[in-house]
Amino acid sequence: MDIIRAAHLGMCFGVRDAVALALEHADAGPLTILGDLVHNPTVLSALEAKGIAVAQDVAGVTTQTVMVTAHGTSERTLARTRALGLTVVEATCPLVDVAHRAVAALAREGYHVVIIGQRDHVEVRGLTGDLDRFDVVLDEADVLALDEHPRIGVAAQTTQAVARVRHLVDRIRRRFPSSDVRFLDTVCKPTKERQSAAVEMARQADVVIVVGGRSSNNTRELVTTCGRYCARVHHVQTDADVRPEWFDGAKIVGLTAGTSTPDEVIDRVEAHIRLRVEELG
Ligand code: SF4
């Protein structure tokens, strides 16, 4: 049995830089991260081990310094946090900033903003937090529920599957043929690279293992994407989740991982698969 890795997989520069910034600030003094810095339990435990606190809301912050995650936040939230006298460190990924600027430009130019993404995801809340009126869509039913506007400006959560985003933009255009529908593609490059590499890998594999946090959006998108090309796809958080029976009769096992998955977690999963398969003989 062979194990093939997707050509692009695992932690992106945005998450890597955010984790490094958190560790650097933790060395300088007590730090609280607002929300999960990344949706990966292994990374979160490493931060906890450094004494870094996590608060889901500013009300729960007990340190002078707070860090905004790689997912970013709205200007309104930043202003509210600073007004409390807290020092804010921003670990916002530059590609999330690109999405913020795209949304701001659409709103400034008079477009009604529609975000393709998960309504309750921290990044989407940040993208929409400075808007008074907007919509968030994730499927065709959401598109059907939209009201008509003369100008509709569409942007996407950075970790959405490109194929879904293009499909929904097309549905919006068909539903409102007389509206001016402008689409700014804000799905980030690392997400696109991981998705297309996952497709290439899944086409060849008998079994696909996707490594990443259960609540990581881009990891779940990889599971869905791979499922279109391979019938046997499994999502694991760590090597402990791997089951030997998944590999029965498999000749090629494909491996990919979400953008918040550290290299060492991927390496351990790969080593574990090899071990299980050798045990099976
Ligand atoms: S997934 Fe994309 S937008 Fe999010 S942190 Fe990584 S590079 Fe930045």
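Residues numbered from 1 in each chain as written. Predicted model: local features only at pLDDT ≥ 70, side-chain atom pairs only at ≥ 80, totals over all residues. Heavy atoms only, no water.

1. Here we look at the overall build of the protein
Reasoning step 1: Assigned secondary structure in the protein consists of 10 helices and 12 strands.
Reasoning step 2: Computed over the C-alpha atoms, the radius of gyration of the protein is 20 Å, within 12% of the 19 Å expected from 2.2 N^0.38 for a compact globule of 281 residues.
Reasoning step 3: Taken along the three principal axes of its C-alpha coordinates, the protein extends 65 × 55 × 25 Å.
Reasoning step 4: Classification of the 281 residues of the protein by burial places 51% in the buried group.
Reasoning step 5: Sequence separation of at least 24 residues holds for 71% of the intrachain contacts in the protein that already meet a minimum separation of 6. (Helix = DSSP H or I, 4+ residues; strand = E, 2+ residues; numbered from the N terminus. Rg over C-alpha atoms; globule rule 2.2 N^0.38 Å. Buried < 20%, exposed > 50% of the residue type's maximum accessible area, 1.4 Å probe, protein only. Contact = heavy atoms within 4.5 Å.)

2. Here we look at the pattern of salt bridges
Reasoning step 1: One pass over the structure, following the stated rule, counts 15 salt bridges.
Reasoning step 2: In this structure, Glu221 and Arg164 form a salt bridge, with 2.8 Å as the shortest nitrogen-oxygen distance. Within this pair, whereas Glu221 is found in helix 9 (residues 217-227), its partner Arg164 is found in helix 7 (residues 162-175), the two being separated by 57 residues in sequence.
Reasoning step 3: A relative accessible area of 5% means that Glu221 is categorised as buried.
Reasoning step 4: Of the residues examined, Arg164 reaches a relative accessible area of 24% and is grouped as partly exposed.
Reasoning step 5: Among the charged side chains, a salt-bridge network with shared partners connects Arg5, Asp267, Glu270 and Arg274. (Salt bridge = Lys/Arg side-chain N within 4 Å of Asp/Glu carboxyl O.)

3. Observations concerning the site of the ligand
Reasoning step 1: Residues in contact with the ligand amount to 13 residues; listed here are only the nearest, Cys12, Cys93, Thr158, Cys188 and Pro190.
Reasoning step 2: Those elements that provide at least two residues to the shell around the ligand are helix 1 (13-28), helix 4 (94-108) and helix 8 (189-204).
Reasoning step 3: By residue number, the principal contributor to the shell around the ligand is helix 1, which donates 3 residues.
Reasoning step 4: Grouping the constituent residues of the shell around the ligand by class yields 8 nonpolar, 5 polar and no charged. (Near = heavy atom within 4 Å. Nonpolar A, V, L, I, M, F, W, Y, C, P; charged D, E, K, R; others polar.)

4. Overview of helix 7
Structural remark: α-helix, 3.6 residues per turn; residues separated by three or four positions point the same way.
Reasoning step 1: For helix 7, built from 14 residues, the straight-helix expectation of 20 Å at 1.5 Å per residue is met to within 8% by its first-to-last C-alpha distance of 20 Å.
Reasoning step 2: Where helix 7 is buried, its residues contact strand 6 (112-116), helix 6 (140-144), strand 8 (151-156), strand 9 (180-183) and helix 8. (Expected span 1.5 Å × (residues − 1).)

5. Re the packing of helix 8 against helix 9
Reasoning step 1: Orientation of helix 8 relative to helix 9, taken along the N-to-C sense of each, is 35°, at an axis distance of 9 Å. When the axes of helix 8 and helix 9 are compared, the crossing they make is right-handed. Mapping the contact onto sequence places Arg194, Gln195, Ala198, Val199, Met201 and Ala202 in helix 8 and Glu221, Leu222, Thr225 and Cys226 in helix 9.
Reasoning step 2: Of the residues that constitute the contact of helix 8 with helix 9, the class distribution is 6 nonpolar, 2 polar and 2 charged. (Axes fitted to C-alpha atoms, helices over the stretch in contact; angles between N-to-C directions. Left-handed = near helix turned anticlockwise from the far one by under 90°.)

6. Details of the sheet that holds strand 5 (residues 87-90)
Reasoning step 1: In space, the 4 strands of this open sheet follow the order 3-2-4-5, with parallel pairing throughout. The outermost strands of the open sheet, each flanked by one partner alone, are strand 3 (53-55) and strand 5. Along the sheet, successive strands turn relative to each other by an average axial angle of 30°, direction set aside.
Reasoning step 2: Bridge count between strand 4 (residues 65-68) and strand 5: 4 bridges; the pairing is parallel. Each residue of the ladder has a partner; that of Thr65, found in strand 5, is Thr87. (Pairing = 2+ DSSP bridges.)

7. Notes on the packing of aromatic side chains
Reasoning step 1: Counted under the stated rule, the structure contains 1 aromatic pair.
Reasoning step 2: Note on Trp246 and Phe247: the rings are 6.4 Å apart at their centroids and 65° apart in plane angle, and the pair reads as edge-to-face. An identical accessibility class is assigned to Trp246 and Phe247; each is buried.
Reasoning step 3: We note Arg151 situated over the ring of Tyr111; from NZ or CZ to the ring centre the distance is 4.3 Å. (Phe/Tyr/Trp six-rings, centres within 6.5 Å; stacked < 30°, edge-to-face > 60°. Lys NZ or Arg CZ within 6 Å of the ring centre and 35° of its normal.)

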